[in-house]
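Overview (structure and organization)
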Amino acid sequence: MASKKFLQTTKRETMIIIALYLLFFVWWYATAYGFGDDPSQYDYILGFPEWFFYSCIVGYVGISFILWIVIRLMFKDLPLDEEAREAEKEEEKNV
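Residues numbered from 1 in each chain as written. Predicted model: local features only at pLDDT ≥ 70, side-chain atom pairs only at ≥ 80, totals over all residues. Heavy atoms only, no water.

1. Let's talk about the nonpolar core
Side chains that are nonpolar tend, in soluble globular proteins, to be buried together. Within the largest apolar cluster, five residues are counted, these being Ile16, Leu20, Ile63, Leu67 and Val70. With three residues, the single largest contributor to this core is helix α2 (residues 50-74). Setting aside chain neighbours within four positions, we find Leu67 in contact with Ile17, Leu20 and Tyr21. (Core = buried A, V, L, I, M, F, W, Y, C linked by side-chain atoms within 4.5 Å. Buried < 20%, exposed > 50% of the residue type's maximum accessible area, 1.4 Å probe, protein only. Helix = DSSP H or I, 4+ residues; strand = E, 2+ residues; numbered from the N terminus. Contact = heavy atoms within 4.5 Å.)

So this is what it looks like as structure tokens:
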């Protein structure tokens, strides 16, 4: 059976990831549909339409960087097998 601390940590990390992907979707939707409807009036960046550049290229690079930072700073390496979790509990008791 998973410990309460283990389940709280996994729930917190799951909520962080869901929030970041919702942020990414909002960014993508706003930039993909927010730069006008008439293709004759499109502005181009590096040969891509402005809406595509910001929604698909900048958005992907941006969310990848944010995810990397969040995972490095906020996520913990948790043991997935029962024996390792029991050993971690024993180690915490001895400290």
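Don't stop here, the text continues.
2. Remarks on the confidence of the model for the chain
Across the chain, the average pLDDT comes to 86, with 89% of residues at 70 or higher. When mean pLDDT is compared element by element in the chain, α2 scores highest at 94, while helix α3 (residues 82-94) scores lowest at 69. (pLDDT = per-residue confidence, 0-100.)

3. Some remarks on α2
End to end, α2 covers 33 Å across 25 residues, agreeing with the expected 36 Å (1.5 Å per residue, within 8%). By the largest-angle criterion, Gly59 marks the main kink of α2, which is about 35°. For α2, the complete set of buried residues consists of Glu50, Phe53, Ser55, Gly59, Ile63, Leu67 and Val70. Looking at the buried side of α2, the elements it contacts are α1 (4-33), β1 (44-45) and β2 (48-49). (Expected span 1.5 Å × (residues − 1). Bend = angle between axes of the 7 residues up to and from the residue.)

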